[in-house]
Amino acid sequence: MTEDKHNYENKTMWVVLLTAITMVVEIIFGLTTKSMALLADGIHMGSHVLAIGLSWLAYILVRKLSKSKKFSGNSNKILSLSGYSSGLMLLIFAFVILIEAIQRFYNPEVIVYKEAIFVAIIGLMVNIASAFILHHKHEHTDHNIRAAYLHVIADALTSVSAILGLTAAMIWDIPFIDTIAAILSSFVIIKWSVGLLKDSGKALLDMEHKHDGHGHHH
């Protein structure tokens, strides 16, 4: 079990580094080329760096605390807590996308399509690489790795929806397609984050063993 945790700790570390580097590069290029798409994606990556960074810290904490004599609690709770916090971030993130998309619906901006698509593809590649790194066996419920994985997948989903939406908008000149794509992906992300919050919340309240069929939610 600790073998897995150590493995996950390394995996999350690599993903944090990868995402952080991409974020910095995108922000720098976004500023130098005055590209709004790059800048926005860089800032947006920042939210995932924070969330996945939290997951990484949780593994370090568990490792340190499991060695500590003073700490007698269940260190796995840290993973559920981190997963829960990360799930909240994911939920906020989904709402931000939703609000942005709705605003764009009312006041459409001029989109530099080719550039925006290019940025979305870079983002997608980073996310796919991260997803491969973070891919894990689902046998034991580790809400922490699941949270990190969901952030990466959520980001990939927004990149894919942007690519599809922008391409369609560019070809058929219907600018609101990527808005609709963004709204749809935010709904999917809301669904995931709620699932994560429910499961990690149950683990925090020691409810995961009691399957009494009534489906108690808090």
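The rules behind each value
Residues numbered from 1 in each chain as written. Predicted model: local features only at pLDDT ≥ 70, side-chain atom pairs only at ≥ 80, totals over all residues. Heavy atoms only, no water. Helix = DSSP H or I, 4+ residues; strand = E, 2+ residues; numbered from the N terminus. Rg over C-alpha atoms; globule rule 2.2 N^0.38 Å. Buried < 20%, exposed > 50% of the residue type's maximum accessible area, 1.4 Å probe, protein only. Contact = heavy atoms within 4.5 Å. Lys, Arg positive; Asp, Glu negative; His and termini not counted. Charge placed at Lys NZ, Arg CZ, Asp CG, Glu CD. 1 Å grid on protein atoms, 1.4 Å probe; cavity = no way out; pocket = protein on both sides within 12 Å on 5 of 7 lines; lining within 4 Å. Points joined across faces, edges and corners; volume = space filled by probe spheres on them. Nonpolar A, V, L, I, M, F, W, Y, C, P; charged D, E, K, R; others polar. pLDDT = per-residue confidence, 0-100.

A. Structural detail: the overall build of the chain. Across its full length, the chain holds six helices and zero strands. Ordered by position in the sequence, the α and β elements of the chain form the string α-α-α-α-α-α. Against the globule reference of 17 Å for 218 residues, the chain gives a C-alpha radius of gyration of 19 Å, in line with a compact fold. A burial count over the chain gives 44% of its 218 residues as buried. Counted over contacts in the chain with a minimum sequence separation of 6, partners at least 24 positions apart contribute 78%. Within the chain, the 17 negative side-chain charges are centred at a point lying 9 Å from the centre of the 17 positive side-chain charges.

B. Fine view of the layout of surface pockets. Taken as a whole, the largest pocket spans an internal volume of roughly 990 Å³. Residue lining of the largest pocket: 33 residues in total, with Ala37, Ala40, Asp41, Glu100 and Arg104 positioned closest to the centre. Secondary-structure elements contributing two or more residues to the lining of the largest pocket are α2 (36-67), α3 (76-106), α4 (113-134), α5 (143-172) and α6 (177-204). Top element by residues in the lining of the largest pocket is α2. It accounts for seven residues. The residue makeup of the lining of the largest pocket, split by class, is 16 nonpolar, nine polar and eight charged.

C. Broad picture of the confidence of the model for the chain. With 93% of its residues at a pLDDT of 70 or more, the chain shows a mean pLDDT of 86. Note on residues 210-218: pLDDT is under 50 here. Beyond four places in sequence and across chains, it has seven contacts.

D. Quick look at unusual backbone geometry. Despite not being glycine, Lys34 has its phi angle at roughly 50 degrees, a positive value. Unusually for a residue other than glycine, Asp173 sits at a positive phi of about 55 degrees. Looking at where Asp173 falls in the secondary structure, it is placed in the loop between α5 and α6.

E. Representation of the environment of Glu100 within the structure. Structurally, the position occupied by Glu100 is in helix α3. On the basis of relative accessible area, Glu100 is assigned to the partly exposed category, the value being 46%. Along the sequence, Glu100 and Gly30 sit 70 residues apart, while their C-alpha atoms lie 19 Å from each other.

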